[in-house]
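Coordinate inspection notes
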Number of protein chains: 2
Amino acid sequence: MRAGAVRVEQALARLLPTADGAETDLIAAMRYATLQGGKRTRALLCLAAGALSDAPAAALDDIGAALEMVHACTLVHDDLPAMDDDVLRRGLPTVHVQFGEATAILVGDALQAHAFLTLAQLDAPSDTRIRLVRELAQAISTEGAAGGQALDLALVGKRVAPERIIAMHKMKSGALVRAALRMGALCALPENSAHDALYRALDRFSSGFGLALQVVDDILDVTEDTATLGKTSGKDADAQKPTCVSIMGLQASRQLALDLYRDAEQAIVPLGPRAQQLEQMLQRAATCLR
Amino acid sequence: MRAGAVRVEQALARLLPTADGAETDLIAAMRYATLQGGKRTRALLCLAAGALSDAPAAALDDIGAALEMVHACTLVHDDLPAMDDDVLRRGLPTVHVQFGEATAILVGDALQAHAFLTLAQLDAPSDTRIRLVRELAQAISTEGAAGGQALDLALVGKRVAPERIIAMHKMKSGALVRAALRMGALCALPENSAHDALYRALDRFSSGFGLALQVVDDILDVTEDTATLGKTSGKDADAQKPTCVSIMGLQASRQLALDLYRDAEQAIVPLGPRAQQLEQMLQRAATCLR
């Protein structure tokens, strides 16, 4: 997994434009937003799903990089003062703190454009590339990340049922997790029903794994300090955001996350030993609950 | 041309998500940002270029709609307080004034995603669709609209040579004008060198026409009032933005625009009578200089 993260980091460094002495710091800010580490969860899910279908490694690295560009776009925009107003990310000042708000807005726009450019220029058949574009675009549409973030903001200060929080998380981050897995798998598979069972297994895995990630995020926001998180802790409560923890309590949230991980684990049993990387990602993600 | 604009408006109304009683107004704001008219210049350029290569009309309408989504994305983000801080657009309150800043940021992000989704789902061969995605992504990348807007902001308060303003305009809006023409033309042409002359003619046309649009924009900002423009007039001077007018003067700017239109006109002479729609767009655009 560490090797995969390094490969994706290298792909990002290669695919992003390089600062060329222009008078703006847009490109420097894009690289700042994407090349400061991070867990690379979406890219690693893509690589792991690709391993299930013998997808070519070079294509997977670039698809992983495109996923991380889009993920960084959502983080940079979500951190803006008009949104979650966050000053710290991965232990560093957020992009708008470091480069100004205008640049941060443009960084997100440009990262999204470069993600699609990366997919369009991929060394793969046109048919594969267009399916990748469709998956990624859907994942950040109004039915995915953009709609989820809008819902997240709309719920501030409200007391809502856990189902509403879960629906929001599924859009806000679940959709991109699902896309990451599908994009990894589809890039070596023709578009036909012979692989429906694989996609069903991956979709079920992503439902559990993607939601658990967010539940754990809610938990860590309460239990960890800012230094450990690399972003401001206690932010959800300060912002009056309803979370799994604020609505269900810490104990029930922890149990929910464990149940979700277990469901994700069962989802990939039919895939056999080739799903080993996904299994490892589950194990690793679950350690912070122990 | 009016018929073309109506068809693109209908395509937009059909392709954009419809509000479904959700608790956010993201979708309402996206439709507000795109369905309030406008000249639809980019979409009409796409239709006109498509007429040169017998491209199927239905595909052109959808490509035109995708271009207008991306154009609206740049307008909504450029109008934000951290950018150009504009409160009026097409005679109506800008999106952040009407729906709030957070929603305006998400509107832009979602419009970009839905533009790529539209291209990915187009009724056309995969090969065509992926070339369309590449053209559009390049046009809004750091080499296109995103880079141009960053440069525009970086030049505020500076006294610069006209060449710098021109270089900025070529990125900020010229790149999307160029893409609009290429996207219309390519959608009925295979990717080979047999059509190089057509693309060369269109690229030269777009250089003249696209830049002239911006020079005229600079002129109208000085000569027209807010009611006529539908957006705040005198904005460039207030914001200390160097423009063609502030640097070259009104008379020289007018002459530059006329020269650019003439060059665009010459560029399409070799295309013969099929370039009639492009010719008409030139005539119409030039009327406001008389």
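Our subject is the structure that appears above.
Rules used throughout
Residues numbered from 1 in each chain as written. Chains lettered and ligands numbered in written order. Predicted model: local features only at pLDDT ≥ 70, side-chain atom pairs only at ≥ 80, totals over all residues. Heavy atoms only, no water. Salt bridge = Lys/Arg side-chain N within 4 Å of Asp/Glu carboxyl O. Helix = DSSP H or I, 4+ residues; strand = E, 2+ residues; numbered from the N terminus. Buried < 20%, exposed > 50% of the residue type's maximum accessible area, 1.4 Å probe, protein only. Least-squares fit on C-alpha atoms with pLDDT ≥ 70 in both. Contact = heavy atoms within 4.5 Å. Phe/Tyr/Trp six-rings, centres within 6.5 Å; stacked < 30°, edge-to-face > 60°. Core = buried A, V, L, I, M, F, W, Y, C linked by side-chain atoms within 4.5 Å. Axes fitted to C-alpha atoms, helices over the stretch in contact; angles between N-to-C directions. Left-handed = near helix turned anticlockwise from the far one by under 90°. Buried area = accessible area lost by both parts, 1.4 Å probe. Polar contact = N/O pair within 3.5 Å; in protein donor to acceptor, adjacent residues only side chain to side chain.

Let's shift gears to the pattern of salt bridges. Residues and elements named next belong to chain A. The tally for this structure, following the rule as stated, stands at 34 salt bridges over all chains. The residue Asp86 makes a salt bridge to Lys235 at a minimum N-O spacing of 4.0 Å. Note that Asp86 is positioned in the loop between helix 4 (57-78) and strand 1 (88-89) and Lys235 in helix 12 (residues 235-238), a separation of 149 residues in sequence. For Asp86, a relative accessible area of 9% gives the class buried. A relative accessible area of 18% means that Lys235 is categorised as buried. Here Asp203 makes a salt bridge to Arg178, at a shortest N to O gap of 3.2 Å. Within this pair, whereas Asp203 is found in helix 10 (residues 196-223), its partner Arg178 is found in helix 9 (residues 162-186), the two being separated by 25 residues in sequence. In this structure Arg178 comes out as partly exposed when scored by relative accessible area, which is 36%.

Let us now look at the relation of the copies chain B and chain A. For the match of chain B to chain A, the screw axis carries a shift of 0.0 Å, the RMSD comes to 0.0 Å, and the turn is 180 degrees. What the superposition gives is, in effect, a two-fold axis relating one chain to the other. Residue by residue, 100% of the interface of chain B is reproduced at the interface of chain A, so both copies engage with the same surface.

Residues and elements named next belong to chain A. Applying the stated criterion across every chain, the model contains 7 aromatic pairs over all chains. Aromatic side chains Tyr32 and Phe99 sit 5.3 Å apart centroid to centroid with 75 degrees between the ring planes, which places their arrangement in the edge-to-face category. Taken as a pair, Tyr32 in helix 2 (residues 26-34) and Phe99 in helix 5 (residues 95-99) lie far apart in primary sequence, 67 residues in all. The exposure class of Tyr32 is buried, given its relative accessible area of 15%. Accessibility expressed as a relative area gives 21% for Phe99, which makes it partly exposed. An aromatic cluster is present here, built from Phe205, Phe209 and Tyr261 joined pairwise through their rings.

Once that is clear, we can look at the nonpolar core. Here is a general trend for soluble globular proteins: nonpolar side chains tend to be buried in one another's company. The biggest cluster of nonpolar side chains holds 209 residues, and the ones touching the most others in it are Phe205(A), Phe209(A), Phe205(B) and Phe209(B). If we ignore the near neighbours within four places in the chain, the residues touching Phe209(A) are Thr41(A), Leu45(A), Val177(A), Tyr261(A), Ala264(A), Met281(A), Leu282(A) and Ala285(A).

This part is about the environment of Gln121(A). Tracing the chain through its elements places Gln121(A) in the loop between helix 6 (101-120) and helix 7 (126-139). Judged by its relative accessible area of 46%, Gln121(A) falls in the partly exposed class. Through-space distance from the C-alpha of Gln121(A) to that of Asp62(A) is 9.7 Å; in sequence the pair is 59 residues apart. Discounting chain neighbours no more than four positions away, the residues touching Gln121(A) are Arg134(B) and Gln138(B).

Residue and element names in this part refer to chain A. By the element assignment, Met69 lies in helix 4. Along the backbone, Met69 and Gln149 are 80 residues apart, and their C-alpha atoms lie at a distance of 17 Å. Among all residues touching Met69, those that are not within four sequence positions of it are Leu12, Leu15, Leu16, Thr34, Leu111, His114, Ala115 and Thr118.

Axis separation between helix 7 of chain A and helix 6 (residues 101-120) of chain B bottoms out at 9 Å; the angle between their running directions is 145 degrees. Note on packing geometry: the crossing formed by helix 7 of chain A with helix 6 of chain B is left-handed. Every residue of helix 6 of chain B that contacts helix 7 of chain A at Ile130(A), Val133(A), Arg134(A), Ala137(A) and Gln138(A) is listed here: Ala113(B), Phe116(B), Leu117(B) and Ala120(B).

This part takes up the interface of chain B and chain A. Contact with chain B, which involves 43 residues of that partner, is made by 43 residues of chain A. Between chain B and chain A, a total of about 3700 Å² is buried, with carbon and sulfur atoms accounting for 72% of that surface. For the pair chain B and chain A, the interface holds 0 salt bridges. There are 10 residue pairs in polar contact (both at pLDDT 80 or more) connecting chain B and chain A. Among the secondary structure elements, those contributing two or more residues to the side of chain B that touches chain A are helix 2 (26-34), helix 6, helix 7 (126-139) and helix 8 (145-154) of chain B. With 12 residues, helix 6 of chain B is the largest single contributor of residues to the side of chain B that touches chain A.

With that settled, the discussion passes to the side chain of Thr94(B). Within the fold, Thr94(B) resides in the loop between strand 2 (92-93) and helix 5 (95-99). With residues near it in sequence (within four places) discarded, Thr94(B) still touches Asp79(B), Asp86(B), Val87(B), Leu88(B) and Arg89(B).

Before going further, it helps to examine unusual backbone geometry. Despite not being glycine, Arg90(A) has its phi angle at roughly 55 degrees, a positive value. Relative to the elements of secondary structure, Arg90(A) occurs in the loop between strand 1 and strand 2 (92-93). Given a relative accessible area of 28%, Arg90(A) falls into the partly exposed group. One non-glycine residue, Asp85(B), lies in the positive phi region at around 50 degrees. Its place among the elements puts Asp85(B) in the loop between helix 4 (57-78) and strand 1 (88-89).

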